[in-house]
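Okay, here's what each chain looks like letter by letter:
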Amino acid sequence: QVQLVESGGGLVQAGGSLRLSCAASGRTFSSYVMGWFRQAPGKEREFVAAIRWSGGSTYYADSVKGRFTISRDNLKNTVYLQMNSLKPEDTAVYYCAATRSFTIPTTRGPYDYWGQGTQVTVSS
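Here is what the cut-offs are and how they apply
- Residues numbered from 1 in each chain as written.
- Predicted model: local features only at pLDDT ≥ 70, side-chain atom pairs only at ≥ 80, totals over all residues.
- Heavy atoms only, no water.
- Phe/Tyr/Trp six-rings, centres within 6.5 Å; stacked < 30°, edge-to-face > 60°.
- Lys NZ or Arg CZ within 6 Å of the ring centre and 35° of its normal.
- Disulfide = S-S within 2.5 Å.
- Helix = DSSP H or I, 4+ residues; strand = E, 2+ residues; numbered from the N terminus.
- Buried < 20%, exposed > 50% of the residue type's maximum accessible area, 1.4 Å probe, protein only.
- Salt bridge = Lys/Arg side-chain N within 4 Å of Asp/Glu carboxyl O.
- Lys, Arg positive; Asp, Glu negative; His and termini not counted.
- Polar contact = N/O pair within 3.5 Å; in protein donor to acceptor, adjacent residues only side chain to side chain.
- Core = buried A, V, L, I, M, F, W, Y, C linked by side-chain atoms within 4.5 Å.
- Contact = heavy atoms within 4.5 Å.

Caption draft 1: Inspection of the packing of aromatic side chains at higher detail. Going through the model one piece at a time under the given rule, you end up with eight aromatic pairs. Positioned above the aromatic ring of Y95 is the side chain of R45, whose terminal nitrogen or guanidinium carbon lies 3.7 Å from the ring centre. Its guanidinium or amino end placed over the ring of W114, R108 lies 5.7 Å from that ring's centre, counting from NZ or CZ.

Take a look at the structure:
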């Protein structure tokens, strides 16, 4: 059974940084794409970034490009989201997701597995 467990959320001032972690277990993820999504109160869950576990190809939403970096540690089976230059509009619950795909999906539908989410709050 696939399990995704996020950690690293918290409260930070605008301009600060946070690093989210997603520990994955339950199977071999070499053919998977791992994604980060976020959902602010009253808004739809939106794509943030994704990485192909094999090869490390990445893709970012325009709103975070240049500020966020997604990476993975094969030995630890963990995916990271380094978030720099945080803005109040980045405040949301951040979710880790996984899907077995040849492409990098940027919508939530193709993702089969989800973590429980971690809150990120950016104060102005």
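Caption draft 2: Geometry of the state of the cysteines. With the rule as written, the count across this model stands at one disulfide. In this model, C22 is linked to C96 through a disulfide, with the two sulfur atoms separated by 2.1 Å. Measuring handedness by torsion sign, the sulfur bridge of C22 and C96 sits at about -75 degrees and is left-handed. Linking C22 in strand β3 (residues 18-25) with C96 in strand β9 (residues 92-100), this pair joins segments that are 74 residues apart in sequence. The pair C22 / C96 is uniform in exposure class, with both members buried.

Caption draft 3: A look at unusual backbone geometry. Positioned with a positive phi, N77 is a non-glycine residue whose angle comes to about 55 degrees. With respect to the helices, strands and loops of the structure, N77 is situated in the loop between β7 (68-73) and β8 (78-83). Phi is positive for S85, which is not a glycine, with a value near 50 degrees.

Caption draft 4: Quick peek at the pattern of salt bridges. Tallied over the full model, the rule gives four salt bridges. The partner of R38 in a salt bridge is D90, and the shortest N-O contact between them spans 2.9 Å. Taken together, the residues span a long stretch of sequence, with R38 in strand β4 (residues 32-39) and D90 in the loop between β8 and β9 at a distance of 52 residues. When its relative accessible area of 1% is taken as the criterion, D90 is described as buried. Note that D62 and K65 form a salt bridge whose closest N and O atoms lie 3.1 Å from each other. Shared partners join several salt bridges into a network, and the residues in it are R38, E46, R67 and D90.

Caption draft 5: Fine view of the side chain of R52. Position of R52 among the secondary structure elements: in strand β5 (residues 46-52). This buried residue, R52, is left without a salt bridge; D112 holds the nearest opposite charge, at 12 Å. A polar contact is formed between the side chain of R52 and the backbone oxygen of S101, at a distance of 3.1 Å.

Caption draft 6: Region of interest: the nonpolar core. If you look at the biggest cluster of nonpolar residues, it comprises 36 residues, and the most contacted ones within it are M34, W36, L81, M83 and Y94. Elements with a contribution of two residues or more to this core: β3, β4, β5, β7, β8, β9 and β11 (118-123). If we skip the residues at most four places from it in the chain, M83 touches G16, S17, L18, L20, R67, F68, Y94 and V120.

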